[in-house]
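Descriptive structure summary
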Amino acid sequence: MYSIAEILIGVIQGLAIILLSPLITGIMQKTKARTQKRIGATILQPYYDIIKLIKKDEVVSDQSSWIFKVCPWINFVALATAAFFIPLFLTYSPFGLAGDLLLVVGLFALARFFTMLAGLDVASSFGGLGSSREMMFSALLEPALFLTIFIVALTYGGTNLSTIVAAVAGATLLPHPQLIFAAIAMFIIVLGETGRLPFDNPATHLELTMVHEAMVLEYSGKSLALIEWSQAIKLMILLALVVNIFAPWGISSSITVATLGIGFISLVAKISLLAVIIAYLESTIAKWRLFRIPDLITIAIASSMIGMVLYYL
Amino acid sequence: MIENLSLLQIAIVLFVTGSLLGLFSRNSKFTRMLTFVPTMIASFFTVLFSVITITGKPFHFIIPNVLPFINFEIFADGIAAFFLLVISIVSFAVSLYSIGYMKEYETTKRTSVFGFLFNIFILSMILVVISNNSFFFLIFWELMSLTSFFLVIYDHDREENVKSGMTYLIMTQFGTAFILASFLLGYIQTGSFSFDVFHNSSSSFPFLTKNLIFLFAFIGFGTKAGIIPLHIWLPKAHTSAPSNVSALMSAVMIKIGIYGMVRTIFDLGGFGLSPDYSWWGLLMIVVGSVSAIIGVLYAVIEHDMKRALAFSSIENIGIILIGLGLSVVFASLNLTILSALALVASMYHTINHAVFKGLLFMGAGSVVYATHTRNMEHLGGLIKKMPWTALLFLIGAISISGLPPFNGFISEWLTMQALLSSYQIPSTILQISVAFASIPFALTIGIAAATFVKLFGISFLSRPRSEHIAKIKEVPRSMIAGMSILAAICILFGVLPFLGISLLDTAFHLLPHPASPFDAITLQNNSAKSFANLSMPVVVIMLSSMAAAIFGFIKVIGGKTRKTTFSTWDCGFGSLDQRMEYTATSLSQPIRTVFKTLFRPHNKIQKEFFGGTDSYLLKTLKVESVTKNIFEENLYLPIISSCIYIFDKIRKLQTGKINAYLLYIMITVVLLLLFVRLSHNV
């Protein structure tokens, strides 16, 4: 079905997400530092952090069970496996035969399920608080995300990511009005899913505001490295999806060195740009009150509902 | 054929033996063995029977003229055999579990009666599914309802259990009345009680009759399935019944309601429905969506384990109905392949729900067995005391949350694909209405995951919330074995979905089967490109190789590091205790606040002051967070109170004086004479 070269590139695409993801996090941190008139750490800092954490000793809570110990591994395995289904700089991934966009969403949910359990496992109020808020976010983001997938799948003929991205690459510039609304919804979903402002502030450890950080507060050493890395992978997957579904320019549809090179460079440029935009936005807005967040998610749901009606009309 | 019949006969004889042994053993030490072992063997034979029937020819058996003009007919085609399989797999696991579980009741109750009812209950469900005659169908249906009623009130020392039993009895009779009405309409049209006759002549039924038959059957079977707003009995009965009975009721009995609906739709023309009947499907989708979303919203705020599971059953019945409704919509528009896809999705979810809900109720039963409480606020930390129960409950929780690579994911994936396929419907209005069903569906899945994070997290993880948990120990082996069977099926149906799909294809005579276990589930779009692909075995291989790779990577880079165990971070204030943990109620507080229109949450505050009314010195303060059950308060209470009002008025007729009664008789006779006279003139 697929040649060796294609399978090889499929593997490279998956590995590229796993390996480049800390870089994107680094770019975001640098941007935030710059907008706050700081010099900031180098964009390679997340790599140093991960390596450092892997070599460190660990402290484990005496209240915790095996759920707490396996959670970082399940997180990493689920999200890193999801990375292999994403067409990155080639319009298809041979792994698309095994799973589609809904599977990717399912793997995200699996990772989140265990993170929420790990938050409860350590018996502190912080963990429970994080899990409780995450329960609300994830439950409300689910319909928004599914509606967006609905529009994209109907417009491009499938939930199979290779089909979608290939159709996007072959289409003219934003040929469908519903995609604008889908893009608005998707942008809000990305902020929510990756715990960015105004949903959650990844840079703080203040009990009033933290969500994701509260659930993983007890982690240290190797486990923390895995958690941080898998968060970076999740961010990179979502950004790659946004870029490849809504702004496919430059993506390669054939296997030649030149087009693959262009595809790779343009992808890194686009994702970095998107990361810079998100980081800049994060610097300019404050975190919203917890019970105003549903309003924002409602905007996403409403936007994708308009998109869906537009598709059918 | 003969072989088939003897398998079924052996099973029936064994069920009867089990029940009689239960009665005659009179609470001896061996009662549990004597009653539940025959059930297990009988269930095993029923599994064999249904597998042989699914793969072979339909099974037909008639005893003519048992009652005057009524034949006793048994007919098991693929559909019936599929439901038999669901019943018998779960009853096998549950009876194994019951051997250990009933020990708890041995000292306080008569387990012999329980064994009798338990066997008859399972037998009646089997007979309902295979009877091919509306007369016997109703007899067995009532037998099923009554035995389950007695099982619900088995623990009748508590008044609340008797109350829930009564609610169950009334609602189930309400449902039966509608089923009876539906069958009588069929009888008026055909003059026969036989389902075969209904099936063969249904195409000549008038339009209105067909619709009425469907509507009555939908209400009747829907009551049994627990659709909203007829669900009122379900959370009560499931909570009051002993956990092994709840497992059977939730996993199997409510599926008989689904079976009834499938039968009605198939018998009224099967897949030859015309577009006039699209509204059947739409009704099912709407009711399914409402049941799913309201069911799961009540489940997530619940702190009683079994009640939460019961509400989650309503949710899953909703998901099954969405699939079934989609199948009817597609069938009525002659989109046969899509209809088959939606039917597979819905039936896959039926068997999945039977398996994981059976497992979860048994898990909750184990918790009750060990701790004697269902209230999650008093649990916590069970994973250290009951490691096996915790692991098996976790498998059930992941499966029901629809997470890969477990079975719930497969059926929810299929249902989503069926929803997505609505773009092939020719009418725009219908397209949009069906597509909008995806919003409640997706919201349901999101909240379902939150529900089971709460159920597992609060009960099994973190610090024990009450002292007696320190003394509990793991449940007996037979209970763990019973749960393990269903947990294994959860994994099997998740990792190898081709098993379930080819089973359904054969049973319902649908699409071509997947050829090999590694074949992906493939759907194609209009331009013959892949619409969606899913191959779970490959995904599992990818997951495990990724796990091996990252484990190796971390070990090589990080080398050996020390792990220290220390207390949880307490901000330097010292001594965290169980009162500082999150509780079940606080965990779901954000969701309760977001959906406050439905829950109407408010805090009941009771203050007690020193010296009576001195409002500065507080002696005690009690805060209770209360939510309203809007269905009970706004729909059922008005009906009940108006009934009581009318009965009060009617009671005035009952004066107790003989002259008054004679007057009533005379008035009646005069009215009847007038009626006869007048109707003759016309």
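**Concerning the overall build of chain A**
- Looking only at helices and strands, chain A has 11 helices and 1 strand in total.
- Scaling as 2.2 N^0.38, a compact globule of 313 residues should have a C-alpha radius of gyration of about 20 Å, and chain A matches this with 19 Å.
- Seen through its principal axes, chain A has C-alpha atoms that stretch 55 × 45 × 40 Å.
- Buried positions account for 64% of the 313 residues belonging to chain A.

**Structural notes on the overall build of chain B**
- If you tally the helices and strands in chain B, you get 27 helices and 7 strands.
- Against the 2.2 N^0.38 benchmark of 26 Å for 682 residues, chain B shows a C-alpha radius of gyration of 27 Å, consistent with a compact globule.
- For chain B, the proportion of contacts with a sequence separation of at least 24, taken over those separated by at least 6, is 78%.

**Notes on the interface of chain B and chain A**
- Residue-level contacts link 73 residues of chain B with 71 residues of chain A.
- Per element, the largest residue contribution to the side of chain B that touches chain A is 13 residues, and it comes from helix H19 (residues 438-460) of chain B.
- Among the residues forming the side of chain B that touches chain A, the class breakdown is 44 nonpolar, 23 polar and 6 charged.
- In this structure, strand S1 (residues 58-61) of chain A lies alongside strand S5 (residues 563-566) of chain B, joined through 4 bridges in parallel fashion.

**Points about the pairing of strand S1 (residues 59-67) of chain B**
All names here are of chain B.
- Where S1 lies against strand S2 (residues 70-76), 6 bridges are found, and the strand directions are antiparallel. Paired with His 60 across the bridge in S2 is Phe 75.
- Counting the residues between successive antiparallel strands, the hairpin from S1 to S2 contains 2 residues, one of them, Phe 69, with a positive phi of roughly 70 degrees.

**Section: the environment of Gly396(B)**
- Residue position: Gly396(B) is located in helix H16 (residues 387-400).
- Excluding residues within four positions of it along the chain, Gly396(B) makes contact with Phe356(B), Leu359(B), Leu360(B), Gly363(B), Ala487(B) and Cys490(B).

**Focus on the domain arrangement of chain B**
- Assigned domains within chain B: domain 1 (600-651) and domain 2 (654-682).
- Using C-alpha coordinates to define each centre, domain 1 of chain B is positioned 47 Å away from domain 2 of chain B.

**As for the nonpolar core**
- The biggest cluster of nonpolar side chains holds 339 residues, and the ones touching the most others in it are Leu117(A), Leu239(A), Leu84(B), Met125(B), Val129(B) and Val344(B).
- For this core, the element with the most residues is helix H14 (residues 336-371) of chain B, which contributes 21 residues.
- Setting aside anything within four residues of it in sequence, one finds Val129(B) in contact with Ala80(B), Phe83(B), Leu84(B), Ile87(B), Ile256(B) and Tyr259(B).

**Description of helix H20 (residues 477-495) of chain B**
Residue and element names in this part refer to chain B.
- Under the 1.5 Å per step criterion, the end-to-end length of H20 is 26 Å for 19 residues, consistent within 8% with the ideal 27 Å.
- Of the residues making up H20, those classed as buried are Met 479, Ile 480, Gly 482, Met 483, Leu 486, Ala 487, Ile 489, Cys 490, Phe 493 and Gly 494.
- Residues of H20 that are buried in the fold lie against helix H3 (78-101), H14, H16, helix H17 (407-420), helix H21 (497-508) and helix H22 (536-558).

**Some points on the packing of helix H1 (residues 4-35) of chain A against helix H9 (residues 221-246) of chain A**
All names here are of chain A.
- One way to put it is that H1 packs onto H9 with a least axis distance of 8 Å and a crossing angle of 95 degrees. It follows from the interaxial angle that H1 and H9 lie roughly perpendicular. On H9, the residues touching Ile 17, Ile 18, Leu 20, Ser 21, Pro 22, Ile 24 and Thr 25 of H1 are Trp 229, Ala 232, Ile 233, Leu 235, Met 236, Ile 237, Leu 239 and Ala 240.
- Looking at side-chain class alone, the contact of H1 with H9 contains 13 nonpolar, 2 polar and no charged residues.

**Details of helix H11 (residues 243-267) of chain B**
Residue and element names in this part refer to chain B.
- With 25 residues, H11 ought to run about 36 Å at 1.5 Å a step, and its terminal C-alpha atoms sit 35 Å apart, in line with that.
- Taking the largest bend as the criterion, H11 deviates by roughly 40 degrees, centred on Met 249.
- In terms of residue burial, H11 counts as a mostly covered element, since 23 of its 25 residues are buried.

**Considerations on unusual backbone geometry**
- Omega for the bond connecting Ile228(B) with Pro229(B) falls within 30 degrees of zero, at 10 degrees, which places this linkage in the cis form.
- By the element assignment, Pro229(B) lies in the loop between helix H9 (207-225) and helix H10 (233-240).
- Here the residue pair Pro404(B) and Pro405(B) is connected by a cis peptide bond, since its omega of 0 degrees sits within 30 degrees of zero.
- You can see Pro405(B) is positioned in the loop between H16 and H17.
- Phi is positive for Ala123(A), which is not a glycine, with a value near 65 degrees.
- Position of Ala123(A) relative to the elements: it lies in the loop between helix H4 (101-121) and helix H5 (125-156).
- The class of Ala123(A) is buried, set by 27 C-beta atoms lying within 10 Å.
- Backbone geometry at Cys571(B) places phi at a positive 60 degrees, although glycine is not the residue there.

**Overview of the confidence of the model for chain B**
All names here are of chain B.
- Taken residue by residue, chain B gives an average pLDDT of 87. The fraction at 70 or more is 96%.
- The secondary-structure element of chain B with the lowest mean pLDDT is strand S3 (residues 521-524), recorded at 73, while H16 shows the highest, at 95.
- Complex prediction metrics read pTM 0.93 and ipTM 0.95.

**Thoughts on the packing of helix H7 (residues 159-190) of chain B against H10(B)**
Residue and element names in this part refer to chain B.
- Where H7 meets H10, the axes come as close as 8 Å, and the angle between the chain directions of the two elements is 135 degrees. In terms of their interaxial angle, H7 and H10 are classed as oblique. The handedness of the crossing between H7 and H10 is left-handed. The residues of H10 that touch H7, namely those facing Glu 160, Asn 161, Ser 164, Gly 165, Thr 167, Tyr 168, Met 171 and Thr 172, are Trp 233, Lys 236, Ala 237, Thr 239 and Ser 240.
- Tallied by class, residues from the contact of H7 with H10 come to 4 nonpolar, 7 polar and 2 charged.

**As for the environment of Val623(B)**
Residues and elements named next belong to chain B.
- Along the chain, Val 623 turns up in strand S7 (residues 618-626).
- You can call Val 623 exposed: it has 9 C-beta atoms within 10 Å.
- Each residue touching Val 623, except ones within four places of it in the same chain, is listed here: Asn 603 and Ile 605.

About the cut-offs
- Residues numbered from 1 in each chain as written.
- Chains lettered and ligands numbered in written order.
- Predicted model: local features only at pLDDT ≥ 70, side-chain atom pairs only at ≥ 80, totals over all residues.
- Helix = DSSP H or I, 4+ residues; strand = E, 2+ residues; numbered from the N terminus.
- Rg over C-alpha atoms; globule rule 2.2 N^0.38 Å.
- Buried ≥ 20, exposed ≤ 12 C-beta atoms within 10 Å, placed from the backbone.
- Contact = placed C-beta atoms within 7 Å.
- Nonpolar A, V, L, I, M, F, W, Y, C, P; charged D, E, K, R; others polar.
- Pairing = 2+ DSSP bridges.
- Domains from an automatic or database assignment.
- Core = buried A, V, L, I, M, F, W, Y, C linked by C-beta atoms within 7 Å.
- Expected span 1.5 Å × (residues − 1).
- Axes fitted to C-alpha atoms, helices over the stretch in contact; angles between N-to-C directions.
- Parallel < 35°, antiparallel > 145°, perpendicular 65-115°, else oblique.
- Bend = angle between axes of the 7 residues up to and from the residue.
- pLDDT = per-residue confidence, 0-100.
- Left-handed = near helix turned anticlockwise from the far one by under 90°.

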